[in-house]
Amino acid sequence: MKDTLYTIPLTDAFKAEDECPFCFIYRNLEQDAISFTLGASYMEDDIREKTDALGFCKEHYKKLYDYGNRLGLAFILQTHYVALQKTLKSTLSHTRAQNLSLLQKLKKGAKVQSASTHTPATQKLNDTLSSCYVCSRIDYNFDRYIKTFFYLLTTNEEFKTLFINSKGFCLPHFTKLLEEAPYHLKEKDQTFFLEESQKKLQESLARIEEDLSWFIDKYDYRNSAAPWKNAKDAIPRGIQKLSGIYVQDEPFKETK
Ligand SMILES: [Zn+2]
Ligand SMILES: [Zn+2]
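Since the structure is predicted, the reported quantities are computational estimates derived from the model, not experimental observations.

### A look at the coordination of the zinc ion (ligand 1)
Donor atoms from the polypeptide that coordinate the zinc ion (ligand 1) comprise Cys20 (SG), Cys23 (SG), Cys170 (SG) and His173 (ND1), at 2.0 to 2.3 Å from the metal. Classification of the site at the zinc ion (ligand 1) rests on its four donor atoms, whose angles at the metal span 99 to 119 degrees, yielding the label tetrahedral. All donors to the zinc ion (ligand 1) come from one chain, and their sequence spacing reads C-x2-C-x146-C-x2-H. Of this pair, Cys23 sits in helix H2 (residues 21–38) while Cys170 is found in the loop between helix H9 (157–164) and helix H10 (171–184), placing the two residues 147 residues apart along the sequence.

### A look at unusual backbone geometry
For residues other than glycine, phi is negative in most cases, and the peptide bonds are mostly trans. Residues other than glycine seldom take positive phi values, yet Glu17 does so here, at roughly 55 degrees. You can see Glu17 is positioned in the loop between helix H1 (4–15) and H2. When its relative accessible area of 60% is taken as the criterion, Glu17 is described as exposed. In this structure, Asn69 takes a positive phi of about 45 degrees despite not being glycine.

### A short note on the pattern of salt bridges
Scanning the entire structure with this criterion turns up 14 salt bridges. Across the pair Glu196 and Lys200 runs a salt bridge whose closest N-O atoms are separated by 3.6 Å. Taken together, the residues Glu196 and Lys200, both in helix H11 (residues 187–217) and four residues apart, mark about one turn of the helix. Each member of the pair, Glu196 as well as Lys200, carries the same accessibility label: buried.

Each value, and the rule that gives it
Residues numbered from 1 in each chain as written. Chains lettered and ligands numbered in written order. Predicted model: local features only at pLDDT ≥ 70, side-chain atom pairs only at ≥ 80, totals over all residues. Heavy atoms only, no water. Donors = N, O, S within 2.8 Å, 3.2 Å for Na, K, Ca; no water. Tetrahedral: all angles 85-135°; square planar, octahedral: opposite > 155°, others 65-115°. Helix = DSSP H or I, 4+ residues; strand = E, 2+ residues; numbered from the N terminus. Buried < 20%, exposed > 50% of the residue type's maximum accessible area, 1.4 Å probe, protein only. Salt bridge = Lys/Arg side-chain N within 4 Å of Asp/Glu carboxyl O.

Structural data, given as structure tokens:
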């Protein structure tokens with residue numbers, strides 16, 4: 001198969017017995033993308049062209065700052081500032097005062113904002129705000145892991161067993177896989193995947209809820225000598241299952 005490159009890390013992620021193998025994959029990809037961005041690559045013209053154009057999202061500015069290599073980050077930011085000033089100049093030169101009708105003003109509070117209030121300038125500004133070089137690097141590889149996952153699920157018995165014995169996925173990755181399944185699986189395989197992953201999600205929610213209850217009960221002085229069972233890390237696992245993040249992780253830093 002052409003995605004052999006992705007098979008080993010994916011299998012390792014399932015063997016890690018994490019609350020979600022795709023969170024595990026995402027964290028590795030994110031760390032790779034951050035070390036790549038602030039590694040030697042930032043001096044390469046084609047990479048800098050991309051970081052100049054895309055910038056970064058809130059989360060990744062923070063993670064790049066925490067990583068170290070402040071000089072590298074200053075280089076990246078400085079040329080991004082140069083590029084941004086150029087784009088803003090042309091974007092904002094078309095900004096004009098708008099006369100909104102009463103109806104348009106009333107619609108402001110409505111869930112679906114009227115598209116007509118999006119001027120080309122605000123549209124472009126929103127595009128600038130939502131683009132991120134680190135996210136785009138992660139997304140590219142993450143999609144390939146999803147493809148590989150569905151491929152292995154239907155072609156490799158050993159991998160299928162790993163999936164069956166796993167703790168399933170976090171809610172965001174479960175949702176993502178549910179959306180993707182019809183593009184990669186035949187109907188029969190989709191049914192298997194849907195049933196199995198839903199069962200795992202329900203089991204996980206019940207299991208973590210029980211761990212959280214025991215965590216609370218442990219605060220009762222009568223239980224102080226009782227064993228923690230699986231409750232000690234119930235909060236970080238509980239948050240990961242809901243949101244796909246590792247709250248307990250220390251900031252990822254450059255190793256010299
Ligand atoms: Zn996840
Ligand atoms: Zn990002």
